[in-house]
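For reference, the chains in residue letters:
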Amino acid sequence: MTDGPRQRSSTEGSAKDAAGEKESGGVALKKEIGLVSACGIIVGNIIGSGIFVSPKGVMENASSVGVALIVWIITGIITAIGALCYAELGVTIPKSGGDYSYVKDIFGGLAGFLRLWIAVLVIYPTNQAVIALTFSNYVLQPLFPTCFPPENGLRLLAAVCLLLLTWVNCSSVRWATRVQDIFTAGKLLALALIIVMGFVQICKGDYYWLEPANAFEPFQDYDVGLIALAFLQGSFAYGGWNFLNYVTEELVDPYVNLPRAIFISIPLVTFVYVFANIAYVTAMSPQELLASNAVAVTFGEKLLGVMAWIMPISVALSTFGGVNGSLFTSSRLFFAGAREGHLPSLLAMIHVKRCTPIPALLFTCLSTLLMLCTSDMYTLINYVGFINYLFYGVTVAGQIVLRIKQPDMHRPIKISLIWPVIYLIFWAFLLIFSLYSEPIVCGIGLAIMLTGVPVYFLGVYWDNKPQCIDKFVDKMTYVGQKMCVVVYPAESKKSEDEGEEMKEVTSALSKEGADNHKSEDC
């Protein structure tokens, strides 16, 4: 893990490196993500299967319909504030990698590595595996109407889904973003149908649970602890709002499109979440909603009649797009980590013609396939969900630290510090409550994260490794380059730092790729 370039703690230096790569004449990531695709990445990653299948986490803890709707609105507002903070960081530190890059540049290599470690080890492989399994479940369920689909069949179809989408992402950034755009539009159309049917129900007078007297009638006693848990569930439901920051370097005009996409997408998702839940309670009582294993399917059966098949297909399409979006963004996180020397340098290389990070995509796919083979991934998600949320707050706190340490740094967007303070107050409340309510789960999550400390010191911090280790890593890198036909981004600038042997390897690969591969220009 030491064969990449050494990390630098200077934020300005990192930003200059990113700019330098763009200006050099070598191979580089292509800027092909426009505003529509940027919105598709945010919306597509936030809206997965949850709003269709099980939006009841908030409802069962809020104890009434009215409080549940308030929770959805407030968590949407808090998410928008967090995204606003990330927008400033994204244009101030214009590098792919999102919160990993920001934490590393502001707090140092170890903090950044721990963020990367928990993401590589658990968060993204497990999340992608779960989404792929949800997709396969909704595809196969009609073939097994009287029983559950076989477990091996579910895992096999999930693996096929992952392999297909990995191939698409390896082939072209444009193809990947088009897939994301199409499937995001599909899930929004399905949710629009749910919302429209909800308005039809209201016009017909079916709004008993929306009347104030009934909306705030508790179906269980109100409890501060449960309401706090409802806010926690709501915050998790908006997960994915920061994914666009992972692909900053591939955005067309990021200084404009990054904040603009955030300002469009987060309010849109909040609107969809709130009004979809309103629509659900026009057709179902809170008790029926909590008893359903697939709320959108139950809603469709009640209101759509012979067209009820639309809902399970919508869930399948939504999850398929979710897998694509997660593969696209998480591979860029691993790419950014390798470029900073925190992962094997092969993962920081891109195809000489397609300009896609093929090694990082293959690594992402392989780790997810391995997770499909385990039976404990849902348990792992519970353990590290707390850590994932922890780093959101650390990143936003970094925005304040950066303002203090480098007040004169160029910031294309500069928001009032009141916004990160508001976010951190809400974040601290949820974090303290999580520790109080589930200390063992949070403790195990912290322990999993801290296993990265010795790995960091052995793999990254330790410079003078035995020569045999360096030779082995160089050989593996060489073989990987030959197999994937990849080089470092902006190789003509980077090669000065990589040694004479690596120069010869990458130069030969560039020529080989130019001769043997006809594809779109970089």
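Residues numbered from 1 in each chain as written. Predicted model: local features only at pLDDT ≥ 70, side-chain atom pairs only at ≥ 80, totals over all residues. Heavy atoms only, no water.

Caption draft 1: The arrangement of the overall build of the protein chain in detail. A tally of helices and strands in the protein chain yields 23 helices and two strands. Every one of the 522 residues in the protein chain was classed for burial, and the buried ones make up 57%. Contacts in the protein chain between residues at least 24 apart in sequence constitute 83% of all its contacts with a sequence separation of at least 6. Surface accessibility of the protein chain: about 21,300 Å² in total, with carbon and sulfur atoms responsible for 66%. (Helix = DSSP H or I, 4+ residues; strand = E, 2+ residues; numbered from the N terminus. Buried < 20%, exposed > 50% of the residue type's maximum accessible area, 1.4 Å probe, protein only. Contact = heavy atoms within 4.5 Å. Areas by Shrake-Rupley, 256 points an atom, 1.4 Å probe, with all protein chains shown as cover.)

Caption draft 2: Geometry of the side chain of Ser37. Looking at the secondary structure, you find Ser37 in helix H2 (residues 35-46). Classification of Ser37 by relative accessible area gives buried; the value is 5%. Look past the residues within four positions of Ser37 in its chain and what remains in contact with it is Thr177, Arg178 and Asp181.

Caption draft 3: Main features of the environment of Gly90. Within the fold, Gly90 resides in helix H5 (residues 65-92). Assessed through its relative accessible area of 1%, Gly90 is described here as buried. Between the C-alpha atom of Gly90 and that of Tyr246, which follows or precedes it by 156 residues, the distance is 9.1 Å. Ignoring any residue separated from it by four or fewer positions in sequence, one finds Gly90 in contact with Tyr102, Asn245, Thr248 and Leu258.

Caption draft 4: Fine view of the packing of aromatic side chains. This structure, assessed with the given rule, holds 25 aromatic pairs. A ring pair is formed by Phe135 and Phe320, whose centres lie 5.4 Å apart and whose planes are at 50 degrees; its orientation type is tilted. Linking Phe135 in helix H7 (residues 109-140) with Phe320 in helix H15 (residues 310-339), this pair joins segments that are 185 residues apart in sequence. Residues Phe135 and Phe320 agree in their burial class; the two are buried. Arranged with centres 4.5 Å apart and planes meeting at 35 degrees, the rings of Phe271 and Phe275 form a pair that is tilted. Taken together, the positions of Phe271 and Phe275, both in helix H12 (residues 254-283) and four residues apart, correspond to about one turn of that helix. (Phe/Tyr/Trp six-rings, centres within 6.5 Å; stacked < 30°, edge-to-face > 60°.)

Caption draft 5: Local environment of the packing of helix H6 (residues 99-107) against H7. At a minimum axis distance of 6 Å, the contact between H6 and H7 shows a crossing angle of 160 degrees. Judged on the interaxial angle alone, H7 and H6 are roughly antiparallel. H6 and H7 meet at a crossing whose hand is right-handed. In this structure, H6 uses Asp99, Tyr100, Val103, Lys104 and Phe107 to contact H7, whose residues at the interface are Gly109, Ala111, Gly112, Phe113, Arg115 and Leu116. (Axes fitted to C-alpha atoms, helices over the stretch in contact; angles between N-to-C directions. Parallel < 35°, antiparallel > 145°, perpendicular 65-115°, else oblique. Left-handed = near helix turned anticlockwise from the far one by under 90°.)

Caption draft 6: Local environment of the pattern of salt bridges. Applying the stated criterion to the full structure yields 13 salt bridges. Of the charged contacts in the structure, one is a salt bridge between Arg411 and Glu88, with a shortest N-O distance of 3.6 Å. Remark: Glu88 occurs in helix H5 and Arg411 occurs in the loop between helix H17 (377-405) and helix H18 (418-437); sequence separation between them is 323 residues. Summarising the burial analysis for this pair, Arg411 and Glu88 share the class buried. Between Glu340 and Lys104 there is a salt bridge; the shortest N-O distance is 3.5 Å. Separated by 236 residues along the polypeptide, Glu340 in the loop between H15 and strand E1 (350-351) and Lys104 in helix H6 bring together distant segments of the chain. Accessibility classification places Glu340 together with Lys104 in one group, the buried group. (Salt bridge = Lys/Arg side-chain N within 4 Å of Asp/Glu carboxyl O.)

Caption draft 7: Just the state of the cysteines, in detail. Counted according to the given criterion, the structure contains zero disulfides. Free cysteine: Cys161, not disulfide-bonded; nearest cysteine sulfur from Cys365 at 9.8 Å. (Disulfide = S-S within 2.5 Å.)

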